[in-house]
Amino acid sequence: MRLFLTILPAIVLFTVQTVQAQGLDSLKTIGKALANQIEYYINSEQADSIYSLGDEDFKSQIGKEEFNNFISQLYTLGRIESLEFIDLKDRIYRSSLDFKEQSFSLSLGVNQDLTFNSFLIEPYEKPQKMRTDTVISKVEKIDPLDDFVDSISRRYIQQENAQTLSIGVLDRKGAKRYFYGETFRGNDSLPDENTIYEIGSLTKIFTAVVLADMVKKGTLSLEDKITDYLPDSVAQNPALKDITLLSLANHTSTLPRLPDNLEQSEGYSSDDPYSNYDEGDLYAFLKNFKGKGVVNETYLYSNLGFGLLGNILEKASGKTFQELVKDIITGPLQMTSTGVLQEFEGEDLMPVYNKNGEAVKHWTFKSMAPAGGLQSSLYDLLVFSKANLIRPETPLEEALTLSRELTYFNPPNDDVALAWHIKMTGGVISYVHSGGTAGSRSYIILIPDLDQAVVILANSSLPIDDLANSLIENLTEAVGF
């Protein structure tokens, strides 16, 4: 048996060596039937039934409980919206599992008796058709870095369903900026440094800085128990007694990625899933929460945890999340293009598009705003990045420094500070966070040892992770570490 874990959400690969000689047409028919069953069982949260489809050799390699724990991580992604055949190679049937915000591939080694002997789910990027015309851009090529950024950016932006791409690279000499695509289809107008994007989970970094600032000022402590800030009817749940503000901020609270009552919130819409999830819904979930894993020892990325953290910060300060962000971060740094959606006029916002090139709604938030509700611009995020790279002198700079302190070891290369994920590339430490909504992707990278930072913004849900990783590798390799 081989065991392979991906970065969040962690999905598992089990393989065994027994594969019978079977006709390809027969294998394809069996594979399709199995994949359809698995789709149904994932959508109906029946992990036991998926396990029952494995043959005896497969089951001898992995127990039901361990298998079910891995499969259950898919439930937080919502329902599978489509399943499409990819290929059949070396007697492995492969199809895509397309959730609303993310796609995976499902690989099955199939047997004639409608069981599988191997099983793999891993992140999958559907091949995109490439445009034949050249996308408009604004790039000043002066040095090799400009050529490199332009090269990898064009691989992204020439995808048929890509929209705009804005990149900023900050170093000791200043900031370089690169812009691609049309802000509205057919308007022949590039984005600029003040164009406003949804930044999704980059919001968590701001929430963590607010937390750090309040800790520095003595308003609260990282070790405070969340039950100190919750209504008695909620705080009495024993599953919450060990959760601290720190465990919310570094994803070790054992709270799930999303609450299981999200779709039950009044007026729920999959097009704008967080718009009506309010404090009452949040408390209703917490009241009945039953934890899995050990608090402070189990890493599980949680949007819910940051929604709760923001709620507690509001209670402790007597201010709204928007007010806290403005008072502590965006006001002092004069970041005038950063805030929640309601702070911007409609004409200030570009349309946003899903991975199929279809326009989708801008997301709105209530209690979950501290997890993903901010909008921002390239200019503002470069200002924010620069503030993170300087020696701390002001209260805000001290809070930024505290937010980057290591709080949890998560081998092999994804340790956690407060919201920030800490990676080692080419012998250099970087602090990274990504974000995404139904129609946007964002990425921020800090490399303090090199006084460098990178910001990437797109108004399409097409992944930008490969682009970001290539930039990290290029910047760290260039200095010869």
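The present account deals with the structure reproduced in this document. (Residues numbered from 1 in each chain as written. Predicted model: local features only at pLDDT ≥ 70, side-chain atom pairs only at ≥ 80, totals over all residues. Heavy atoms only, no water.)

1. Side note on the overall build of the protein chain
To be explicit about the condition: Secondary structure is summarised from DSSP: a helix means a run of H or I of at least four residues, a strand means a run of E of at least two, and numbering begins at the N terminus for each. It is over C-alpha atoms that the radius of gyration is taken, and the globule rule equals 2.2 Å times the number of residues to the power 0.38. Burial classification: accessible surface area is computed with a 1.4 Å probe over protein chains only, and a residue below 20% of its type maximum counts as buried, one above 50% as exposed, and the rest as partly exposed. Here, two residues are considered to be in contact whenever any of their heavy atoms come within 4.5 Å of each other. For accessible areas, the Shrake-Rupley method is used with a probe of radius 1.4 Å. Any residue's cover is judged against the shown protein chains and nothing else.
Counting secondary structure elements, the protein chain contains 15 helices and 18 strands. Against the compact-globule benchmark of 23 Å for 481 residues, the protein chain has a radius of gyration of 23 Å, which places it among compact chains. Once the C-alpha set of the protein chain is aligned to its principal axes, its extents read approximately 65 × 60 × 45 Å. In the protein chain, which comprises 481 residues, the proportion classed as buried is 56%. A separation threshold of at least 6 residues defines the contact pool for the protein chain, and within that pool the share at least 24 residues apart is 64%. Of the accessible surface of the protein chain, which amounts to about 20,900 Å², a share of 47% is contributed by carbon and sulfur atoms.

2. Here's the deal with the pairing of strand β16 (residues 428-437)
Keep this limit in mind: Two strands are said to pair when DSSP picks up at least two bridges between them.
Within β16, seven of the 10 residues are buried, leaving the element largely enclosed by the surrounding structure. Taken together, strand β15 (residues 421-425) and the strand that follows it, β16, pair antiparallel across an intervening segment of two residues, in which Gly426 is found at a positive phi of about 60 degrees. As judged from the seven bridges shared by β16 and strand β17 (residues 440-447), these two strands associate in the antiparallel manner. Paired with Tyr431 across the bridge in β17 is Leu446. In textbook terms, the turn of a hairpin is the stretch between consecutive antiparallel strands, and for β16 and β17 this stretch comprises two residues.

3. So, the sheet that holds strand β18 (residues 452-458)
Threshold: Axis definition: a line fitted to C-alpha atoms, limited for helices to the stretch in contact. Angles are taken between N-to-C directions and run from 0 to 180 degrees.
A sheet is described by the order of its strands in space; here eight strands give the open sequence β6-β8-β7-β18-β17-β16-β15-β14, paired in antiparallel fashion. The open sheet has two free edges, formed respectively by β6 (137-138) and β14 (415-416), since each of these has just one partner strand. Pairing geometry for β14 and β15, over two bridges, is antiparallel. Bridge pairing links Val416 to His421 in β15. Here helix α13 (residues 378-389) sits on the sheet and contacts β7 (165-171), β8 (174-180), β17 and β18; the angle it forms with β18, its principal contact strand, is near 155 degrees.

4. Some details on helix α11 (residues 321-330)
Rules: Directions drawn from the helix axis to the C-beta atoms are what define this arc.
The set of residues buried in α11 consists of Phe321, Leu324, Val325, Ile328, Ile329 and Thr330. For α11, the buried positions fall inside an angular range of 145 degrees around the axis, keeping them on one side.

5. Observations regarding the pattern of salt bridges
A side chain of one charge can pair with a side chain of the opposite charge if their charged atoms are brought near each other. Counted only if it meets this: For this analysis, a salt bridge means a side-chain nitrogen from Lys or Arg found within 4 Å of a carboxyl oxygen belonging to Asp or Glu.
Taken as a whole, this structure holds 13 salt bridges when the rule is applied. Here Arg154 and Asp150 are joined by a salt bridge, their closest N and O atoms 3.1 Å apart. One end of the pair is Arg154 and the other is Asp150, both in helix α5 (residues 144-157) and four residues apart, which spans about a single turn. One salt bridge in this structure joins Arg177 and Glu193, with 2.8 Å as the shortest N-O distance. Of this pair, Arg177 sits in strand β8 while Glu193 sits in the loop between β8 and β9 (196-198), and the two are 16 residues apart along the sequence. On the basis of relative accessible area, Arg177 is assigned to the partly exposed category, the value being 33%. When salt bridges with common partners are traced through the structure, they connect Lys141, Asp150 and Arg154 into a single cluster.

6. Focus: the side chain of Arg404
Cut-off, in case you're wondering: When charges are tallied, Lys and Arg are placed among the positive residues and Asp and Glu among the negative ones, while His and the ends of the chain are skipped. Each polar contact in these results corresponds to two N or O atoms within 3.5 Å; when the atoms are within protein, one needs to be able to donate a hydrogen and the other to accept it, and residues that are neighboring in sequence are counted only if both atoms are side-chain atoms.
Locating Arg404 in the fold gives a position in the loop between α14 (395-403) and β14. No salt bridge is formed by the buried Arg404; its nearest oppositely charged neighbour, Glu405, is found at 8.6 Å. Within the structure, Arg404 has its side chain in polar contact with the side chain of Asn388 (distance 2.9 Å). Once residues lying within four places of it in the same chain are set aside, the contact partners of Arg404 are Asn388, Ala417, Trp420, Ile422, Tyr431 and Leu446.

7. Section: the sheet that holds strand β10 (residues 339-340)
Taken in spatial order, the three strands make up an open sheet running β9-β13-β10, and their pairing is antiparallel. Each of the sheet's edge strands pairs with one partner strand only, and the pair in question is β9 and β10. Of the strand pairs in this sheet, β9 and strand β13 (residues 374-377) are connected by three bridges, and their pairing is antiparallel. Within β13, the residue paired with Glu198 across the bridge is Gln375.

8. Let's talk about the side chain of Asp272
Tracing the chain through its elements places Asp272 in the loop between α8 (245-249) and α9 (279-287). We note that Asp272 is buried and unpaired, the nearest opposite charge coming from Lys361 at a distance of 4.0 Å. Of note is the side chain of Asp272, whose polar atom sits 2.7 Å from the side chain of Thr364. Those residues within four positions of Asp272 in sequence are excluded, and the remaining contacts are Lys361, His362, Trp363 and Thr364.

9. Some details on the pairing of β18
Side chains on a regular strand alternate between the two faces of the sheet. Burial analysis of β18 places seven of its seven residues in the buried class, which makes it a mostly covered element. Burial of β18 is two-sided: the residues Gln452, Val454, Ile456 and Ala458 facing one way and the residues Ala453, Val455 and Leu457 facing the other way are all buried. Two strands pair when backbone bridges link them, and β7 and β18 are joined in this way by six bridges, in the antiparallel orientation. Bridge assignment links Ile167 to a residue of β18, and that residue is Ile456. Across seven bridges, the pairing between β17 and β18 is antiparallel. Within the sheet, the bridge partner assigned to Ile447 lies in β18 and is Gln452. The hairpin turn running from β17 into β18, its antiparallel successor, is four residues long, and Asp451 in that turn takes a positive phi close to 55 degrees.

So, to be careful, I would describe these as geometric facts and stop short of saying anything about function.
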